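Listed here are the chains, written in short residue letters.
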Amino acid sequence: IQNNAVYRSALHLLGNPSSRELSEIISCVGLAQNFAAIRALAIEGIQKGHMKLHARNVAMTAGVPENLVGEVAHFMNQTGSISTSQAEAYMKA
């Protein structure tokens, strides 16, 4: 462990905690991840959030200018058709 520079840096950032403190920090991080997952399921749903991100990626792949990516992604999400051809059609309209 002492040979790993990233690990040493992380410990330094945490204030060089004892093993007990480190286990408490790791437990808190795990709980935070669990709460985030529950929030995603309860509020907007993982699939819905994923599709929003997917629509943005498809818009960028279709060559949509950066300043219009959000607008095109929103359009594709509203129509339920997320594809490069849909993004290109929006840009031509």
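Let us look at the structure shown here. (Residues numbered from 1 in each chain as written. Predicted model: local features only at pLDDT ≥ 70, side-chain atom pairs only at ≥ 80, totals over all residues. Heavy atoms only, no water.)

Here we look at the packing of helix H4 (residues 69-79) against helix H5 (residues 84-92)
Packed helices, taken two at a time, are described by the angle between their axes plus the distance between the axes.
Here's step 1: Two elements in contact, H4 and H5, have axes whose closest approach is 10 Å; the angle formed by their N-to-C orientations is 120 degrees. H5 is crossed by H4, and the crossing has right-handed handedness. Only Gln 86, Ala 87, Tyr 90 and Met 91 of H5 make contact with H4, whose side of the interface consists of Glu 71, Val 72, Phe 75, Met 76 and Thr 79.
Here's step 2: Here the residues of the contact of H4 with H5 sort into six nonpolar, two polar and one charged. (Axes fitted to C-alpha atoms, helices over the stretch in contact; angles between N-to-C directions. Helix = DSSP H or I, 4+ residues; strand = E, 2+ residues; numbered from the N terminus. Left-handed = near helix turned anticlockwise from the far one by under 90°. Contact = heavy atoms within 4.5 Å. Nonpolar A, V, L, I, M, F, W, Y, C, P; charged D, E, K, R; others polar.)

Re the packing of helix H3 (residues 46-61) against H4
Here's step 1: Two numbers describe how H3 lies on H4: the axes approach to 8 Å, and their chain directions differ by 125 degrees. Considered as vectors, H3 and H4 are oriented oblique to each other. The crossing of H3 and H4 is right-handed. Each of Met 51, Lys 52, Ala 55, Arg 56, Val 58, Ala 59 and Met 60 in H3 lies in contact with H4, whose residues at this interface are Val 69, Gly 70, Val 72, Ala 73, Met 76 and Asn 77.
Here's step 2: Taken together, the residues that form the contact of H3 with H4 break down as nine nonpolar, two polar and two charged. (Parallel < 35°, antiparallel > 145°, perpendicular 65-115°, else oblique.)

A look at helix H1 (residues 5-13)
Here's step 1: One side-chain oxygen of the residue at the start of H1 lies 2.9 Å from the amide nitrogen of Val 6, identifying that residue as Asn 4.
Here's step 2: In the segment just after H1, Gly 15 is the residue with positive phi, at about 85 degrees. (Polar contact = N/O pair within 3.5 Å; in protein donor to acceptor, adjacent residues only side chain to side chain.)

Remarks on a nonpolar patch on the surface
Here's step 1: A cluster of nonpolar side chains, Leu 31, Phe 35 and Ile 38, forms an exposed patch at the surface whose accessible area comes to about 330 Å².
Here's step 2: Counting through the fold element by element, Ile 38 comes out in helix H2 (residues 19-44). (Patch = residues over 30% accessible without salt bridge, like charges linked within 9 Å, V, L, I, M, F, W, Y side chains within 5 Å. Areas by Shrake-Rupley, 256 points an atom, 1.4 Å probe, with all protein chains shown as cover. Salt bridge = Lys/Arg side-chain N within 4 Å of Asp/Glu carboxyl O.)

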